[in-house]
Amino acid sequence: MSAEITPPADPHAVSSAWEDPAGIVGFLTSVDHKRIGVRYIYTAFVFFVIAGLLALVMRAQLAEPKNHLLGPGAYNQLFTMHGTLMIFFFNTPVLAGFGNYLVPLMIGSRDMAFPRLNAFSYWIFVLSGLFIGASLVSGHMPDGGWFAYVPYTNPTFNPGVGMDFWGLGVVFTGISTTVGAVNFIVTIFKMRAPGMTLNRMPIYVWSMLVFGFMVIFAVPAITLAAGLLELDRLFGTRFFDPTGGGNVLLYQHLFWFWGHPEVYILFIPATGMVSTMIAVFSRRKLAGYLWVATALVGVGFISFGVWVHHMFATGMPAMAMSFFSAASLIIAIPSGVLFFAWIATMWSGRVTFTTPMLFCIGFLVIFLLGGVTGVMVAVMPFDWQVTDTYFVVAHFHYVLNGAVVFPIFGALYYWMPKMTGRMLSERLGRWSFWVMFVAFNITFFPMHLLGMEGMPRRVYTYDPSLGWDHLNLLVSAASGFFGLGTGLTFVNIAWSRFRGAPATADPWAADTLEWATASPTPHHNFTAIPVVASRHPLWDKGALTWAETTDDPAGRSLGPDGARTRTTPWTSGADTRPEGHLRVPLDTVVPFLLACAIGVVFLGLLVDRSVIWGLGLALAAVNGLLWAWRTELDAV
Amino acid sequence: MLLAAAGPSILHGDGSESHRLVGVWWLLLGLAVVVVIVVVGLVVVALVRRPGPSSLGDDWWIAAGGVALPVVVLLVVAVATVDATAHLRIRKPDELRVEVVGRRWWWDVRYPGTGVVTANEIHVPVGRPLDIGLDSDNVTHSFWLPDLAGKVDLIPGQHNDLRFTVRQAGVYQGLCAEYCGLEHAKMHFLLVAESPARFETWLAGQRAGALDATGRTVFEQSACAGCHTVRGTEAVGTKGPDLTHLASRQTLAGDTVDNTAAELRAWITDPQSLKRGALMPAVPLSRAQLDAIVAYLRGLR
């Protein structure tokens, strides 16, 4: 089943070519996609914990009617930060982190196409997270909701620096998401190992390809929305000020033109993970590969035609809105294809109930319920009743928490051994899963009922006469257990770093190329590039074959020579003919410096000092030139 | 506040719109239950069955379950959607027009052609088609009566209408459903649906100017008059709710507390203790002035 790992021809030459400098210098200058990927994941989980704790404080406030734990000002800031951190600073980057780690390995490359851009993307993510996190520490949190609807977020109604943290922070972090997406697309199209035609690409890689394209088309809309909002706030334009000829709904259109695809930007990589794990733990290839790949692409397209379903109550003409209602229903079909591909896989496979598989099964149940209520809210007249209520809060937590976070937790159990070289505890993992699964449903299912009983979203208190008290208490109590369940996994990760059983190269007997190299992955990923002959290279009969260096310049980096010279091949997009090789840049501090310079620009805009943002722009220009002028081989 | 009974619910179906949507809900729930049982059932069987090849090929599984099943279900849902949409929010003859403006954080209510202005309490006749005009001059709000009809947003710079008919007399809870800032949670209102005769009596009462009760001059000369109107007096402010018939209303401060003398006094004395973000300032009043103003407002039936 599994492949022999080619030992490096000259281990010392290889490792000296790839190793980062020690200590903080290495930390700031590494361009290794694995270090960056793992760092992305850990950083994102820091935001997950912060945002989760904010939610628990909100639930404490709502546990009983007329509670005085939080006032309206504090509560409004908490739900704004909860949503903003979860969407922009946990969900999106954690998926990018997994992609960073896994995509080059799965396609048999030694790094991403643009390693320095990759480091830059991470630093922008961290700095924009610190930027918006500063609002929390300084007590000037935005309070306009994660959606920041105008005119409430216009300076007239929302003076002060709070909303600027949000508006500028969103534009700031959008840089990271966008360059990351470009990197994924180019990497997937140009860096695949010989033989890995599009038709043989792992489904997870397909999902990251769709992720990349969706980000590129969706993120400009939110950048525009937040950017125009900041022009209104900082420079006195009137794009969204109805008293100055601006338009309120324009903002909503821009926001949701990104906002709904964003749900699928998160969901699609999660389905890629689930497709991978279900097949491996059913011990057979995924059913309907072409169906699934097509469905992922289909979801990507259709998701750009559904955004108005967030705006059914805005009084737009019913005929115009009906198209969006229809598109929102139609997206259930590719989702159904995915779902039955997974069922068919398990049906004729031999399922083993490992922790990652448990998270996948939990995902199936939760995603099904979230999908069913998704069809309900797509029914425009029914949505008039439930939109902006706890019914919708329930629905999107089933989708974004259940159907995205559960696969991510499964992925932690599944891929952490590859990242750290140590297994996680299955026993603690099962506990974590069951506590999370049960508490999740007790937390979020009753919210459907609360919404139907008239409880609107974003209310910091409620009167006992409304009859919402018992369910709210139940929800609040269960939310604490959900937090506890996630905590068990964090304990598990910490425990495994010291006590976890050493992981073999391929502990799950899986089929994809990341398991064809040692655990933890060596710096250079592969000594020789694997030659792919099927969709499941590690399940083929006979050992995996490794490419040899050829005399042809296009094939120079295929074999162990490539590892020694810190190069990796690039191949033609469709049929993966070797076309040349990429010199993987040496460690460099320029991406970090450029990100810092851009941070100075945003800081200057925040405090409204043109000297500061002017200085930031100048620094960014200098660093940009440095980046362009230095070749990959110069150590900077 | 006065709805101690059970609280609102979209399943009460007391309005023409909510009634039709209750039907849509049961259809959607029925389909959902069938789909969930079938699909979860398949997942469970897939997990527990003895490993072995499937008699159905992969493509058939996906074509049947992933394409055919959703297509059938979605066609039913689509027909229900079109049907409900076509019947709702359409113009009817003899509509009663009520104009509602969302303020922070209360509702201004007017009956065009009658001069009647009130706040946070909408009276309508049962059985007569309504056209609720919705506007905002500040931020976006959303007008929602869960028992009666779905939401329509009040958007600055855009006029919207909500059309429905109340089927059953009663007092209905209304809420703001779009986040609108600090006191979004306390921006409620009541809709009182009554027989046409009682409605006409109410309207006639509201149409009259204020009773000339004692305390009027204290009110007129206080800061109160800067923001509030009492029709027939020199108080003509427009920032706050019209108080001409305040005593006839059931609740105060955007349906935050019951309209009693004690609550009214507490509200005037320190609005922010009741509603932290309220824009009404605590006006310094002597005890005698406060007594006079409370007594005056209590007399405005």
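Everything quoted here is computed from the prediction, not taken from an experiment. (Residues numbered from 1 in each chain as written. Chains lettered and ligands numbered in written order. Predicted model: local features only at pLDDT ≥ 70, side-chain atom pairs only at ≥ 80, totals over all residues. Heavy atoms only, no water.)

So, about the overall build of chain A. Looking only at helices and strands, one finds 19 helices and 4 strands in chain A. In terms of C-alpha radius of gyration, chain A reaches 24 Å, essentially the compact-globule figure of 26 Å for 636 residues. In terms of principal-axis extent, the alpha carbons of chain A reach across some 75 × 60 × 50 Å. Looking at chain A as a whole, 66% of its 636 residues are labelled buried. The contacts in chain A between residues at least 6 apart in sequence include a share of 80% that link residues at least 24 apart. Of the roughly 20,400 Å² that chain A leaves accessible, carbon and sulfur atoms contribute 71%. The centroid of the 33 positive side-chain charges in chain A is displaced by 6 Å from the centroid of its 33 negative side-chain charges. (Helix = DSSP H or I, 4+ residues; strand = E, 2+ residues; numbered from the N terminus. Rg over C-alpha atoms; globule rule 2.2 N^0.38 Å. Buried < 20%, exposed > 50% of the residue type's maximum accessible area, 1.4 Å probe, protein only. Contact = heavy atoms within 4.5 Å. Areas by Shrake-Rupley, 256 points an atom, 1.4 Å probe, with all protein chains shown as cover. Lys, Arg positive; Asp, Glu negative; His and termini not counted. Charge placed at Lys NZ, Arg CZ, Asp CG, Glu CD.)

Moving on, we get to the domain arrangement of chain B. Residue and element names in this part refer to chain B. By domain assignment, chain B separates into domain 1 (1–195) and domain 2 (216–298). Of note, the centres of domain 1 and domain 2, computed from C-alpha atoms alone, are 34 Å apart. With 23 residues of domain 1 in contact, the opposing surface of domain 2 contributes 22 residues. Across the domain 1 to domain 2 interface the summed buried area is about 1,800 Å²; carbon plus sulfur atoms make up 50%. On the surface where domain 1 and domain 2 come into contact, there are 0 salt bridges. Summed over the shared surface of domain 1 and domain 2, the number is 11 residue pairs in polar contact (both at pLDDT 80 or more). Listed by contribution, the elements that provide at least two residues to the side of domain 1 that touches domain 2 are strand 3 (116–119), strand 9 (170–176) and strand 10 (188–194). Its residues assigned to classes, the side of domain 1 that touches domain 2 shows 13 nonpolar, 5 polar and 5 charged. (Domains from an automatic or database assignment. Buried area = accessible area lost by both parts, 1.4 Å probe. Salt bridge = Lys/Arg side-chain N within 4 Å of Asp/Glu carboxyl O. Polar contact = N/O pair within 3.5 Å; in protein donor to acceptor, adjacent residues only side chain to side chain. Nonpolar A, V, L, I, M, F, W, Y, C, P; charged D, E, K, R; others polar.)

Each partner contributes residues to the interface: chain B has 81 residues there, and chain A has 76 residues. Counting each side, the surface lost to burial between chain B and chain A is near 6,400 Å², with a carbon and sulfur contribution of 73%. The largest contributions to the chain B side of the interface with chain A come from Leu47, Ile62 and Tyr179 of chain B, which together make up 11% of the buried area. Taken together, the links from chain B to chain A amount to 2 salt bridges. Across the pair Asp58 of chain B and Arg284 of chain A runs a salt bridge, and its minimum N-O distance is 2.5 Å. Linking chain B with chain A are 18 residue pairs in polar contact (both at pLDDT 80 or more), by the criterion used here. Those elements that provide at least two residues to the side of chain B that touches chain A are helix 1 (16–48), helix 2 (58–87), strand 7 (149–154) and strand 9 of chain B. When its residues are assigned to classes, the side of chain B that touches chain A shows 50 nonpolar, 19 polar and 12 charged.

Time to look at the packing of aromatic side chains. Residue and element names in this part refer to chain A. Evaluated as defined, the whole model comprises 82 aromatic pairs over all chains. Between Phe172 and Phe602 the ring centres are 4.5 Å apart and the planes differ by 10°, which places this aromatic pair in the stacked class. Here the residue Phe172 occupies a position in helix 6 (residues 162–190), and Phe602 occupies one in helix 18 (residues 590–606), the gap between them amounting to 430 residues. Taken as a pair, Phe172 and Phe602 share a single burial class, namely buried. Ring centres of Phe382 and Phe391 lie 6.0 Å apart, and the angle between their planes is 80°; this geometry places the pair in the edge-to-face category. Between Arg39 and the ring centre of Phe27, over which it is positioned, the NZ or CZ distance is 4.2 Å. Taking the ring centre of Tyr289 as reference, the NZ or CZ of Arg535 above it sits at 3.8 Å. (Phe/Tyr/Trp six-rings, centres within 6.5 Å; stacked < 30°, edge-to-face > 60°. Lys NZ or Arg CZ within 6 Å of the ring centre and 35° of its normal.)

All names here are of chain A. With their axes 10 Å apart at the nearest point, helix 4 (residues 72–106) and helix 7 (residues 203–235) run at an angle of 130° to one another. Compared by their axis directions, helix 4 and helix 7 come out oblique. Seen from above, helix 4 lies across helix 7 with left-handed handedness. When helix 4 is examined against helix 7, the residues Leu95, Phe98, Gly99, Leu102, Val103 and Met106 are found in contact with a partner set consisting of Tyr204, Val205 and Met208. Broken down by class, the residue content of the contact of helix 4 with helix 7 amounts to 8 nonpolar, 1 polar and no charged. (Axes fitted to C-alpha atoms, helices over the stretch in contact; angles between N-to-C directions. Parallel < 35°, antiparallel > 145°, perpendicular 65-115°, else oblique. Left-handed = near helix turned anticlockwise from the far one by under 90°.)

So, about the side chain of Arg192 of chain A. Residue and element names in this part refer to chain A. Structurally, Arg192 can be placed in the loop between helix 6 and helix 7. At 7.4 Å, Asp575 is the nearest oppositely charged side chain to Arg192, a buried residue that forms no salt bridge. Engagement of the side chain of Arg192 in a polar contact is seen with the backbone oxygen of Met196, the distance being 2.6 Å. If we ignore the near neighbours within four places in the chain, the residues touching Arg192 are Ile107, Thr187, Thr197, Leu198, Met201, Thr571, Gly573, Ala574 and Thr576.

We now examine the environment of Leu264 of chain B. Residue and element names in this part refer to chain B. With respect to the element layout, Leu264 can be found in helix 6 (residues 261–269). For Leu264, a relative accessible area of 3% corresponds to the buried category. It is 9.9 Å that separates the C-alpha atoms of Leu264 and Ala295, two residues lying 31 residues apart in sequence. Excluding anything up to four places from it in sequence, Leu264 contacts Leu246, Leu252, Val294, Leu297 and Arg298.

Before going further, it helps to examine the pattern of salt bridges. All names here are of chain B. Scanning the model with the defined rule gives 25 salt bridges over all chains in all. Across the pair Asp83 and Arg20 runs a salt bridge whose closest N-O atoms are separated by 3.4 Å. Taken together, the positions of Asp83 in helix 2 and Arg20 in helix 1 put the pair 63 residues apart, joining distant regions of the chain. Assessed through its relative accessible area of 31%, Arg20 is described here as partly exposed. Here Arg97 and Asp131 are joined by a salt bridge, their closest N and O atoms 2.9 Å apart. With Arg97 in strand 1 (residues 96–102) and Asp131 in strand 5 (residues 130–136), the pair connects residues that are 34 residues apart, well separated along the chain. Owing to a relative accessible area of 30%, Arg97 belongs among the partly exposed residues under this scheme. Residue class for Asp131 comes out buried when judged on its relative accessible area of 4%. Each member of the salt-bridge network shares a partner with another, and the members are Glu95, Arg97, Glu99, Asp131, Asp161 and Arg163.

Bringing the nonpolar core into the picture now. By size, the foremost hydrophobic cluster in this structure holds 290 residues, and its most contacted members are Phe98 and Trp166 of chain A together with Phe143 of chain B. Counting residues in hydrophobic clusters, the runner-up holds 21 residues, among them Cys224, Leu243, Ala253 and Leu274 of chain B. (Core = buried A, V, L, I, M, F, W, Y, C linked by side-chain atoms within 4.5 Å.)

The next subject is the sheet that holds strand 6 (residues 141–145) of chain B. Residue and element names in this part refer to chain B. Pairing is mixed in the open sheet, where 5 strands are placed in the order 4-10-9-6-7. Across the chains shown, the open sheet's two edge strands, defined by having one partner strand only, are strand 4 (121–125) and strand 7. Neighbour-to-neighbour, the strand axes of the sheet open up by a mean angle of 25°, direction not taken into account. Sheet topology note: the strand 4/strand 10 ladder contains 5 bridges and is parallel. Note on strand 10: the bridge partner recorded for Pro125 is Glu194. Here helix 3 (residues 196–207) sits on the sheet in contact with strand 4 and strand 10, set at roughly 135° to strand 4. (Pairing = 2+ DSSP bridges.)

So, on to the pairing of strand 9 of chain B. Residue and element names in this part refer to chain B. Most of strand 9 is tucked away: 5 of the 7 residues are buried. Across 2 bridges, the pairing between strand 6 and strand 9 is antiparallel. Bridged to Trp144 within strand 9 is Leu175.

Residue and element names in this part refer to chain B. Pairing is mixed in the open sheet, where 5 strands are placed in the order 3-2-1-5-8. Looking along the sheet, the strands with just one partner apiece sit at the ends: strand 3 and strand 8 (160–164). In this sheet, neighbouring strand axes are inclined to one another by 25° on average, regardless of whether the strands run parallel or antiparallel. Alignment of strand 2 (residues 107–111) against strand 3, held across 4 bridges, turns out to be antiparallel. Note on strand 3: the bridge partner recorded for Val109 is Thr118. Strands in contact with helix 3 are strand 1, strand 2 and strand 3; relative to strand 3, the strand with the most contacts, it is inclined by about 100°.

Residue and element names in this part refer to chain A. The N-to-C vectors of helix 5 (residues 115–138) and helix 6 enclose an angle of 165°; their axes lie 8 Å apart at closest approach. In terms of axis orientation, helix 5 runs roughly antiparallel to helix 6. As helix 5 runs across helix 6, the sense of the crossing is left-handed. When the residues that make up the contact of helix 5 with helix 6 are grouped by side-chain class, the tally is 14 nonpolar, 10 polar and 1 charged.

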